[in-house]
Amino acid sequence: MRRTAAALAMLAALVAPTALTLTPANAATPKPPPVYPEVGPGTAFLDHRALLAGYAEPEWYEANIPFLEVPDREIQDVYYYRWSTYKRHIRYTDPATGDIITEFHNAPGYAAPLGGIVAAAGHHVYEGRWLRDTRPIDDYLTYWLQGPGSGPKPKEEYLNKDTDDWAHQYAWWAADAAYQRYLVTGDASFVEGLLPDLVRQYDKWGGQYDKDLGLYWSVPVWDAMEYTASSYETDPADPYHGGAGYRPTFNAYQYGDARAIAAIARMRGDGALSSTFERRAASLRDALHRYLWDPERQFFYHKARADLDPQRKLVSTREQIGFVPWAFGMAKPGTEKAWAQLLDPQGFAAPYGPTTAERRSPFFMRDALGGCCRWDGPSWPYSTSTTLTAMADLLNDRDQDVVTAADYYRVLRGYALTQYKDGHPYVAEAHHPDEPRWIYDARGHSEHYNHSTFDDLVISGLIGLRPKADGKVVVNPLAPAEWDHFALENVPYHGHNVTVLWDRDGTRYGQGKGLRVYVNGRLAAARSALGELTARVPAAVEPDRSSRPGNDAANPYGTGYPKPFASYTNGIDNVWDAVDGRIFYDDVPHSRWTNYRSPNPGDHLGVDFGVPTQVSDVRFYAYDDGGGVRAPASYRLEFWDGSAWREVPGQARTPREPGAALNRITFPALTTTRIRLVFGNPPGAYVGVTELQVWSPAAGDTRLDAAVTEQGVPAVVTATFTNDGRKPATHVKVAPAVPPGWSAEPLGHAETPVVRPGGRFAVRWRVTPPPGTSPRPDAYPVRAFATYDRSARAASAYAHVEVPLDPASYARVEAQDTFTADTSAGYTVHQPFDGEAKPATTAGGGRFAGSGAQPFFGLVAGPAGPSSAEAISVVTVGSFAGTGSPEDSVFVGWVKDRDTYVTAWYNNTRKQSGINVRVGGRFLDTPGDAPLTLAPGDRFALVLSGDTITSFAHTGGRWHRLRTAGIGATLATPQAREGFRYGFGLRATSGTITIAGLEGRAA
């Protein structure tokens, strides 16, 4: 195949493992991307640093948030705390997906890929729309509507059996949130670009639409509300998963989304689509009032589905969900009396409320103090957020005499008081409505729970900044009339800065008396008394998305490449936490690397990219607990030149001396496979890093995708360059990056003179491992990089060449037993948990069996252990208990004792596989479950490769890769492997489980 000289030169530069590539002296080095957005012209009435006292990385807040001063200490303190909570939950995933917003710091098993949970996504967008940096919410909406969050999920009970993708696991208001965010940013092109996805998201709920009633049905748990009063009433046998019916929540979300889609379609000039969705909205609104409004009890109620109640009566209990229609403008005039229940002591009123069910209900607080997570009375910030949003909309949009601005402040202040623990601002899952304590607050799980809004309620409700699409900003404060002052400074709005100032007598801020609105630092409108005030703003400035830097060190999967490494890691820390995209400065939750108690005077922390990668911008966020872990005394940034570590030349450091929080090092671009930071310990302490990042410039209007289109040895890799911009991309050159020693031969031209808007350019390579080698079974990383327009750059995410498993490639047979004879004397059975007995075991007749009439769990260590950190443990499946009970499982791996084992497991009841690694009684973090079905005669294996394990299953005549996990030094050295044996596990609720063979091999 003919190869151009330019293509060969670029290929050599990218794949040569021993060559250092620096930017040529006569070439322009791209300016490092800014860490934070520019604030731009605005006002400076408040002391920002004083307001941020105690918060790590104050520069982030100064660049991103509106600053608030109010004469209510609790509301003000919680306001800044909630921005810190939101910051904690901005998680960078990888260059392909970018940022997502998380709900829990540590994703539970029912989360979508990369840890997203769609239940509170609407709240996340409402809150995050006020950030100056638009990328996190851009990426987040794209994640749910186009990216991994829109991908398929199992239709299973614990993940919502009624839907088949993650973006429909829970009900949420996708289009409404995207449109309300547009009203703040003024960024029309972005929301218009989402229109097809928003329509698809809306229409896919059609399976839950009842044509007879003209309403959507849902199950409370998939409205993010389990154990509701309506569930207890209509489906008492299953109040967690049960209670399917027609709910004010889901129907209001669909109404809000229909109205938003109609508005976005009008923006795009699609009158037909707009009319269609306006009609859908009107029909839903009529049906809601016809079937879910009770004119006698003056409230919106849940109505059971016919399979639970053939008469489909309204339930007896008012629930806080009855206020949701007002949050989307759905409630018709004449229904406002419902709001009297919010203030009624027998309704929803509570000092730490509102309650989620009315007090007069017989289901109020049913089982609420006996376990998580009841929505039948406790105070949930999720619901309080929606109710206060609805209340602010009611007070702004409707003349009524049921509730007042003073009531809004009273409920908001109660909500602020709820968000405290031990005298400090704090938010968890749910709060006791009458006592100052969180009742659902699990350690390492619920801290700083991101499931609600607060700052949006202050900005758009209390201060009253009501976003518009017409080049205006309306301010209508719901603040107490007796307040003498308040300020909301430099709100990002349509690409400008808006400040709202109230100073009754002009002495607080020295700018004059009354209510004043500033735009870009200039007075734009004023009035003498509190009330509605409108100001004009210049035309919206759309964010510049031409540059979209990527973090080449990020790896939220905890396996594969990029791979972190360290010379020493404290036992309770994990080196993978340093590249997981989470920046925590908290002790709990835990996400950091430290060298605490290291015997070394200093240690290193680095990243192995797996392939040659251009780097020029390294950042590390130092963890400082004020005690045993502090900012480093010194550090040295080094790169691997193919044979030795060398210090990176031309470094510029910010700050000059290492400090807590962000430290940044920029330098002329170089290409390498690995970088590392060598830290010097501070006196009497150690070093911690919550995140290590390696940023590289990349364009935002192009995409580069890499895929292994033909697996095997050799493999074929295809890279596709896509021009999403508005102008042609010229001089496009694409090259692969493969592991050191591998080669890539182009199968066609690797460059093209132009790729027009909307066009694509695909390049293929044959990728081959080093000659004369037999690579171990693994997923070997490959990437693609492109240059165009002479200086622009694009990078792909990682793809992987799969080298299939062949146990015979591990030449040294160290354990082999088909149990034709009684070899049980060579095996030791360990009991991992006191609550499950050891099984009765027998060996012989072609099987090793474990049996019991009660729950049992035995981990069985064989007579030999692995002699190398390159090893494989294999079991052949015999039979399962087959009782359909929760535990019916086999394990494979290496066993030391009851508290220390490295295993993969398969559960025959759930048809799932996963990894369990326990060291000294403590479980290591491992990836989630994988679907799998094993039958008698199938094989199940765990492969060890240094600090990594990978599970495989042999079904249908071939090996399938399942899950990979990093295990650090658990089995990496002869000393660490001492006492470990090739082994397996048998676990069942009752009955008998057997295996037909054990094989252990090493390289």
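Structure: above.
Computed from a predicted model, the values in this text were never measured in an experiment. (Residues numbered from 1 in each chain as written. Predicted model: local features only at pLDDT ≥ 70, side-chain atom pairs only at ≥ 80, totals over all residues. Heavy atoms only, no water.)

**Considerations on the overall build of the protein**
- Counting its regular elements, the protein contains 18 helices and 56 strands.
- A globule of 1003 residues ought to have a C-alpha radius of gyration of about 30 Å, and the protein, at 30 Å, matches this closely.
- Referenced to the eigenvectors of the C-alpha coordinate spread, the extents of the protein come out at roughly 85 × 75 × 60 Å.
- Relative to its 1003 residues, the protein shows a buried fraction of 59%.
- Of the contacts made within the protein by residues no fewer than 6 positions apart, 67% connect residues no fewer than 24 positions apart.
- Carbon and sulfur atoms make up 50% of the accessible area of the protein, which totals about 36,800 Å². (Helix = DSSP H or I, 4+ residues; strand = E, 2+ residues; numbered from the N terminus. Rg over C-alpha atoms; globule rule 2.2 N^0.38 Å. Buried < 20%, exposed > 50% of the residue type's maximum accessible area, 1.4 Å probe, protein only. Contact = heavy atoms within 4.5 Å. Areas by Shrake-Rupley, 256 points an atom, 1.4 Å probe, with all protein chains shown as cover.)

**Some points on the sheet that holds strand E17 (residues 485-493)**
- Spatially, E2-E17-E18-E19-E20 is the arrangement adopted by the five strands of the open sheet, whose pairing is antiparallel. With one partner strand each, in any of the chains shown, strand E2 (67-69) and strand E20 (522-527) form the two edges of the open sheet. Taken over all neighbouring pairs, the strand axes of this sheet differ in orientation by 15° on average, direction set aside.
- With three bridges joining them, E2 and E17 adopt antiparallel strand pairing. When the sheet's bridge partners are listed, Leu68 is paired in E17 with Leu488.
- The sheet contacts of helix H4 (residues 73-88) involve E2 and E17, and relative to E2 the element is tilted by about 165°. (Pairing = 2+ DSSP bridges. Axes fitted to C-alpha atoms, helices over the stretch in contact; angles between N-to-C directions.)

**Things to note about the packing of aromatic side chains**
- Following the criterion strictly, the structure yields 58 aromatic pairs and no others.
- Look at Trp205 and Phe250: their rings are 4.8 Å apart centre to centre, the planes differ by 70°, and that puts the pair in the edge-to-face class. Remark: Phe250 occurs in helix H11 (residues 248-267) and Trp205 occurs in the loop between helix H9 (195-203) and strand E5 (209-210); sequence separation between them is 45 residues.
- For Trp205, a relative accessible area of 3% translates into the label buried.
- The rings of Trp293, Phe299, Phe300, Tyr301, Phe323, Trp326, Trp339 and Phe348 are connected pair by pair, giving a single aromatic cluster.
- Over the ring of Tyr635 we find Arg653; its NZ or CZ atom is 3.8 Å from the centre of that ring.
- Over the aromatic face of Trp640 sits the side chain of Arg674, whose NZ or CZ is 4.4 Å from the ring centroid. (Phe/Tyr/Trp six-rings, centres within 6.5 Å; stacked < 30°, edge-to-face > 60°. Lys NZ or Arg CZ within 6 Å of the ring centre and 35° of its normal.)

**Some words on empty space enclosed by the protein**
- Counted by the stated rule, this structure contains eight cavities of 30 Å³ or more.
- The space that makes up the largest cavity amounts to roughly 70 Å³.
- Looking at the largest cavity, the residues that line it are His123, Tyr126, Trp173, Ala327, Phe328, Thr386, Thr389 and Thr453.
- Among the elements of the structure, helix H5 (121-128) and helix H15 (381-397) are those that each provide at least two residues to the lining of the largest cavity.
- Among the residues making up the lining of the largest cavity, the classes are represented as four nonpolar, four polar and no charged. (1 Å grid on protein atoms, 1.4 Å probe; cavity = no way out; pocket = protein on both sides within 12 Å on 5 of 7 lines; lining within 4 Å. Points joined across faces, edges and corners; volume = space filled by probe spheres on them. Nonpolar A, V, L, I, M, F, W, Y, C, P; charged D, E, K, R; others polar.)

**A few points about the pattern of salt bridges**
- For the structure on display, the rule yields 60 salt bridges.
- Among the ionic pairs, Arg545 bridges to Asp187, the shortest N-O distance being 2.3 Å. Of the two residues, Arg545 sits in the loop between strand E21 (533-536) and strand E22 (550-551) while Asp187 sits in the loop between helix H7 (174-185) and helix H8 (188-193), which places them 358 residues apart along the sequence.
- For Arg545, a relative accessible area of 27% puts it in the partly exposed group.
- We note a salt bridge from Glu802 to Arg961, for which the minimum N-O separation is 2.7 Å. Taken together, the residues Glu802 in strand E40 (residues 799-803) and Arg961 in strand E54 (residues 958-966) connect sequence positions 159 residues apart.
- Relative accessible area serves as the criterion here: at 29%, Glu802 is assigned to the partly exposed category. (Salt bridge = Lys/Arg side-chain N within 4 Å of Asp/Glu carboxyl O.)

**Things to note about the nonpolar core**
- Counting 165 residues, the largest nonpolar core has Trp144, Tyr408, Leu412 and Leu462 as the members making the most contacts within it.
- With eleven residues, H11 is the largest single contributor of residues to this core.
- Leave out the neighbours within four places in its chain, and Trp144 touches Ala112, Gly116, Ile117, Val118, Ala121, Gly149, Ser150, Trp166, Ala167 and Trp172. (Core = buried A, V, L, I, M, F, W, Y, C linked by side-chain atoms within 4.5 Å.)

**What to know about the side chain of Asn555**
- Inspection of the secondary structure assignment puts Asn555 in the loop between E22 and strand E23 (563-566).
- Asn555 gets classed as buried once you look at its relative accessible area, which sits at 2%.
- From its side chain, Asn555 meets the backbone nitrogen of Tyr557 in a polar contact 3.0 Å long.
- Only 3.5 Å separates the side chain of Asn555 from the backbone nitrogen of Gly558, close enough to count as a polar contact.
- In contact with Asn555, other than residues within four places in its own chain, are Thr93, Gly560, Tyr561, Pro562, Trp576, Val579 and Asp580. (Polar contact = N/O pair within 3.5 Å; in protein donor to acceptor, adjacent residues only side chain to side chain.)

**Quick look at H7**
- Relative to the 16 Å expected for twelve residues at 1.5 Å per residue, H7 spans 17 Å between its end C-alpha atoms, a close match to the ideal helical length.
- Here H7 lies mainly inside the structure; eleven of its twelve residues are buried.
- Just past H7, the residue Gly186 takes up positive phi, approximately 70°. (Expected span 1.5 Å × (residues − 1).)

**Observations regarding the pairing of strand E19 (residues 514-519)**
- Within E19, six of the six residues are buried, which leaves the element mostly enclosed by the surrounding structure.
- With six bridges joining them, strand E18 (residues 496-503) and E19 adopt antiparallel strand pairing. Residue pairing across strands places Leu501 opposite Arg516, the latter belonging to E19.
- In this sheet, E20 lies alongside E19 in antiparallel orientation, the contact comprising five bridges. By the bridge assignment for E20, Arg516 is matched with Ala526.
- Hairpin connection, E19 to E20: the antiparallel pair is bridged by two residues, and Asn520 has positive phi, about 55°.

**Notes on the packing of H5 against H7**
- Where H5 contacts H7, the axes come no closer than 9 Å and their chain directions differ by 0°. Compared by their axis directions, H5 and H7 come out roughly parallel. Contacts from Gly122, Val125 and Tyr126 of H5 reach H7 at Asp176, Ala177, Ala178, Gln180 and Arg181.
- A per-class count over the contact of H5 with H7 returns four nonpolar, two polar and two charged. (Parallel < 35°, antiparallel > 145°, perpendicular 65-115°, else oblique.)

**Some points on the environment of Leu924**
- With respect to the helices and strands, Leu924 occurs in the loop between strand E50 (922-923) and strand E51 (930-931).
- Residues Leu924 and Gly966 lie 42 residues apart in sequence; the distance between their C-alpha atoms is 9.1 Å.

**Describing the sheet that holds strand E7 (residues 245-246)**
- Strand order in this open sheet of four strands is E5-E6-E7-E10, and the pairing throughout is antiparallel. Among the strands making up the open sheet, the edge pair consists of E5 and strand E10 (303-304).
- Taken together, the two bridges between strand E6 (residues 215-218) and E7 define a ladder with antiparallel strand orientation. The partner of Ser218 across the bridge, within E7, is Gly245.
- Where H11 meets the sheet, its contacts fall on E6 and E7, and the angle it forms with E6 comes to roughly 130°.
- Contacts between helix H12 (residues 271-291) and the sheet are confined to E5, E6 and E10, with E6 contributing the most and set at about 65° to the helix.

**Looking at unusual backbone geometry**
- Pro655 follows Thr654 through a cis peptide bond whose omega is -5°.
- Its place among the elements puts Pro655 in the loop between strand E29 (652-654) and strand E30 (661-680).
- The step from Val713 to Pro714 runs through a cis peptide bond, and the omega angle for that step is 5°.
- Structurally, Pro714 is set in the loop between strand E32 (702-710) and strand E33 (715-723).

**With respect to the side chain of Asp455**
- With respect to the element layout, Asp455 can be found in helix H17 (residues 455-462).
- The contacts of Asp455, once residues within four sequence positions are left out, are Val78, Tyr79, Arg82, Trp83 and Glu127.

Remember that the coordinates give geometry; whether it matters functionally is a separate question.
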